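# A structural walkthrough
Given next are the chains, with one letter for each unit.
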Amino acid sequence: MNIGPRKLIRSILIGSILLSAAGLGVSYAVTATAEPSDYPGIQSSTVGERDAITVISTDSNSWLGNGSDGPRSEAEVVAVSPNGSLMYANTTHTRYWDVDPIENDTDTPTVEFLYSDHHSESSCPDFGSREYWRTNDYANSVSYEEWKQYVDAHSDADACTVNGVARADLSNGTTETVYSAYTPGKHSSRWHDGDRINNTHIAVADIFLDQVMIINTTSDRISWQWNATSEYDRTGTGNSPYTDWTHVNDVDVLEDGRLMASLRNQDSVVFLDPTKNGSEAMQPNQTLGSLDDYDTLYEQHNPDYIPEERGGPAVVVADSENNRVVEYQRTNGSWTQSWSYTDANLLWPRDGDRLSNGNTLIADSNGNRVFEVTPEGAVVWSVAVAYPYEAERFPVDGSGDGQAITTESATENAGAFEQPVLWIKERISGPVFQAIQYVMPAWVGLLEFGLLVVVVFSALLLGLLEAFWRIRPRIANAISNG
């Protein structure tokens, strides 16, 4: 049977569309329609046992509390007991970020977490007025002229955000906000991290004003601050200088009293001395990473510091745009990579904590899971959860009792199937890809995204060819008739 080129091409394109669509349908049927458990946002009927409480915070794709249908539309903080049962759930806020176990004088499991709530413009303060700036301790932490620059840069959002630090008793669900502040806008004004210093003071990573600050929660006043403008040029990242310039998304209080902060858009982790004036606080010779040095870090989240007595100095960090969790050792005055983990499914991790047993607990945001992996790369525990931001294992915060891995281990643990997937992922992944994943339904992973690209590309190509084939005779006829 003689099949012409036109029919052959049409058959190939239609076949690719049908096969890819069938693959998408099967994936949706298997994952998106799974029976949800008692966990908000967790699409799994069971959670495996571990030796301690695991607490997880999640982001969402909601706007003013209303998002697309599915598990990503609702953010939550959930605590899973050692036997895998639900211990605590909080879904009252628009977004959740940092969540930390808090040591106290009782056996009561307590966490502190950051949340963001979006409000429509009609219920927001008059941020631009000089009176508001004069009477608000957070606003006047920068000059009025600078505050106005930030406010004006966010004015098109027609919304504002309440950023709060809350403390919750997991045993009875009692929750109280210990500090909150309004910021104009939405996307780049949400605080992502805070770390408790003592009963009255917390350190906060302030994305909106590009600063790290220490807040006295009894007086609601800022007692110390470091602004990135003291060390960095606002024009250095390609971002707007007053909307998401640094995206300072993490701050940790170290055992020696220093602060460690993550400047996501500078691809850097910096160290600050809060005993010094803010303009002199940064220790530049300690910085891990540098702007656009993507081989070291690429828009990272949630670095954890491991001190010398536990095998460091070392930093374990979720290297988000590189789709890996990586550890760096400090030796001879410089940082050297000592361990990393990735796999074919890991997409935009935003937290990695070294546990006391030597394993690493990872929050895989676009992979929609939280899992625990050995130094050699074997997954020993996992739970499917929509869009996790941070995961912690009681009783310590982050990598608070974990050991550094001093020799490089099997970092990818990838078989014959995973290797080509990793190769593809390295080439297509990046901020644009992750942004698309951000708004996709939770069941769309790397494979589903690839199938979707095939469907769209094949359909467009088929449409263009069909249009060309239809008009080609007219064009030929017009040319022949001169």
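Up top is the structure these notes are about.
Note that the coordinates shown come from a computational prediction; the quantities given were computed from them, not determined experimentally.

### Considering the layout of surface pockets
The computed volume of the second largest pocket comes to approximately 770 Å³. Looking at the lining of the second largest pocket, the elements that each hand over two or more residues are β4 (95-102), β8 (193-196), β12 (248-253), β15 (301-306), β19 (349-354) and β23 (388-393). When the residues that make up the lining of the second largest pocket are grouped by side-chain class, the tally is 11 nonpolar, 5 polar and 19 charged.

### Section: the sheet that holds strand β16 (residues 314-319)
Judged by pairing direction, the sheet is antiparallel, and its 4 strands sit side by side in the order β15-β16-β17-β18 without closing on themselves. Each edge of the open sheet carries a strand with a single partner, namely β15 and β18 (334-341). With direction set aside, neighbouring strand axes in the sheet form an average angle of 25°.

### Here we look at the packing of aromatic side chains
One pass over the full model with this rule turns up 16 aromatic pairs. Each residue in the set Phe127, Tyr132, Tyr138, Trp147, Tyr150, Tyr179, Trp191, Phe208 and Tyr242 is aromatic and connected to the rest through ring pairs, giving one cluster. The ring of Tyr387 has Arg350 sitting right over it, with the charged end atom 5.0 Å from the ring centre. Over the ring of Trp381 we find Arg393, and its NZ or CZ is 5.2 Å from the ring centre.

### Observations regarding the sheet that holds strand β22 (residues 379-384)
Reading across the sheet, the 4 strands line up as β19-β20-β21-β22 and stay open at both edges, with antiparallel pairing between neighbours. The two strands at the open ends of the sheet, each matched to only one other strand, are β19 and β22. Neighbour-to-neighbour, the strand axes of the sheet open up by a mean angle of 15°, direction not taken into account. As paired strands, strand β21 (residues 369-373) and β22 are joined by 5 bridges and run antiparallel to one another. Among the inter-strand pairings, Val373 is bridged to a residue of β22, identified as Val379.

### Description of the nonpolar core
Counting 28 residues, the largest nonpolar core has Tyr138, Trp147 and Trp191 as its most contacted members. Only α2 (130-135), α3 (144-153), β6 (159-169), β7 (175-184), β9 (201-206) and β10 (211-216) provide two or more residues apiece to this core. Counting residues per element, this core draws most heavily on α3, which supplies 4 residues. The residues contacting Trp147, other than those within four sequence positions of it, are Phe127, Tyr132, Trp133, Tyr138, Ala139, Val142, Pro184, Phe208 and Leu209. Formed by 17 residues, the second largest nonpolar core is a distinct cluster that contains Ile214, Ala228, Val248 and Val270.

### Things to note about a nonpolar patch on the surface
Taken together, the side chains of Phe468, Ile471, Ile475 and Ile479 present a nonpolar region at the surface, about 380 Å² in accessible area. Its location among the elements puts Ile475 in helix α6 (residues 446-480). In this structure Ile475 comes out as partly exposed when scored by relative accessible area, which is 41%.

### Focus: α3
For α3, every residue scored as buried is listed here: Tyr144, Glu146, Trp147, Tyr150 and Val151. Around the axis of α3, the buried residues are gathered within 160° of arc, so they sit on the same side. Buried-residue contacts for α3 involve α2 and β7.

Reading the values: rules and limits
Residues numbered from 1 in each chain as written. Predicted model: local features only at pLDDT ≥ 70, side-chain atom pairs only at ≥ 80, totals over all residues. Heavy atoms only, no water. 1 Å grid on protein atoms, 1.4 Å probe; cavity = no way out; pocket = protein on both sides within 12 Å on 5 of 7 lines; lining within 4 Å. Points joined across faces, edges and corners; volume = space filled by probe spheres on them. Helix = DSSP H or I, 4+ residues; strand = E, 2+ residues; numbered from the N terminus. Nonpolar A, V, L, I, M, F, W, Y, C, P; charged D, E, K, R; others polar. Pairing = 2+ DSSP bridges. Axes fitted to C-alpha atoms, helices over the stretch in contact; angles between N-to-C directions. Phe/Tyr/Trp six-rings, centres within 6.5 Å; stacked < 30°, edge-to-face > 60°. Lys NZ or Arg CZ within 6 Å of the ring centre and 35° of its normal. Core = buried A, V, L, I, M, F, W, Y, C linked by side-chain atoms within 4.5 Å. Buried < 20%, exposed > 50% of the residue type's maximum accessible area, 1.4 Å probe, protein only. Contact = heavy atoms within 4.5 Å. Patch = residues over 30% accessible without salt bridge, like charges linked within 9 Å, V, L, I, M, F, W, Y side chains within 5 Å. Areas by Shrake-Rupley, 256 points an atom, 1.4 Å probe, with all protein chains shown as cover. Salt bridge = Lys/Arg side-chain N within 4 Å of Asp/Glu carboxyl O. Arc of directions from axis to C-beta.

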